[in-house]
Amino acid sequence: VRVAIGISTGDVGVGNIGSADRFDYSVIGDNVNVAARLEAACRDVGCDILIADQTRSNPSNFALVDAGFLELKGVSFHVRAWMVVGDDEAAASSAFADFSAALNAWKMAIKAGATEAEIGACFSQCIAAANAYGPVLQDFVQRLDSRRADYCRIPSDKTSKSKSGPMDFDTQIA
């Protein structure tokens, strides 16, 4: 059994919603929709937990990997998502640092318009680093090259906003 979790931070409406005849205690709002859509996107990304960029901006020591700018059904903007791959111990590991460096090199090769051979060499480094880290990154990397467009989206007014403003493409992995 695989579990999928989507988390988005922000304002929501909470309470009894409905008519006098029938009402339910519920949570509504854009952030609820984003969290539900991130949960559904976990399969496509190849992970168990995705968080929205505004959640990432809250202090934490988790090992996070940039999952790109995702186009989510029912959401009018691209959501910058981050995959949670471990705790503070994982974040401090050399294996995670190696994967982070390999992923950043791959993203920068794409952004710089490198040749397919150069991008492929960077992707091979991602595969090797993911294999060294363990299973949590292996599913992610298997889908990574087919999701190249998620990393090539240009941040715009249709891109998720964090408390610190829009995140740009060059932001390094946490």
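The structure this text deals with has already been given above.
Residues numbered from 1 in each chain as written. Predicted model: local features only at pLDDT ≥ 70, side-chain atom pairs only at ≥ 80, totals over all residues. Heavy atoms only, no water.

A. The pattern of salt bridges, seen in detail. Enumeration according to the criterion identifies six salt bridges in this entry. Its salt-bridge partner being Glu116, residue Arg148 comes within 3.0 Å of it at the nearest N-O pair. On the criterion of sequence distance, the pair formed by Arg148 in helix 7 (residues 148-152) and Glu116 in helix 5 (residues 116-133) is long-range, its members being 32 residues apart. Given a relative accessible area of 19%, Arg148 falls into the buried group. With its nearest N and O atoms 3.0 Å apart, the salt bridge here joins Asp150 to Arg147. On the accessibility criterion, Asp150 (12% relative accessible area) is buried. Beyond isolated ion pairs, a larger network of salt bridges with shared partners links Asp66, Arg80 and Lys107. (Salt bridge = Lys/Arg side-chain N within 4 Å of Asp/Glu carboxyl O. Helix = DSSP H or I, 4+ residues; strand = E, 2+ residues; numbered from the N terminus. Buried < 20%, exposed > 50% of the residue type's maximum accessible area, 1.4 Å probe, protein only.)

B. Layout of the environment of Glu89. Counting through the fold element by element, Glu89 comes out in helix 3 (residues 88-91). Considering only alpha carbons, one finds Glu89 and Ala63, 26 residues apart in sequence, at a separation of 8.2 Å.

C. Here's a closer look at the packing of helix 4 (residues 94-111) against helix 6 (residues 135-144). Closest axis-to-axis distance for the helix 4/helix 6 pair is 13 Å, and the angle between their directions is 10°. In terms of orientation, helix 4 lies roughly parallel with respect to helix 6. Contact residues: helix 4 offers Phe99, Leu103 and Trp106, while helix 6 offers Leu137, Phe140, Val141 and Leu144. For the contact of helix 4 with helix 6, a count of residues per class yields seven nonpolar, no polar and no charged. (Axes fitted to C-alpha atoms, helices over the stretch in contact; angles between N-to-C directions. Parallel < 35°, antiparallel > 145°, perpendicular 65-115°, else oblique. Contact = heavy atoms within 4.5 Å. Nonpolar A, V, L, I, M, F, W, Y, C, P; charged D, E, K, R; others polar.)

D. The arrangement of the nonpolar core in detail. In terms of nonpolar packing, the biggest core is built from 38 residues, with Leu38, Leu50, Val65, Phe99, Trp106, Leu137 and Phe140 touching the most fellow members. Secondary-structure elements contributing two or more residues to this core are helix 1 (30-45), strand 4 (49-52), strand 5 (63-71), strand 6 (78-86), helix 4, helix 5 and helix 6. Beyond its immediate chain neighbours, meaning those up to four positions away, Phe99 contacts Val65, Cys126, Ala129, Ala130, Leu137, Phe140 and Val141. (Core = buried A, V, L, I, M, F, W, Y, C linked by side-chain atoms within 4.5 Å.)

The values reported here are purely geometric and, on their own, carry no functional implication.
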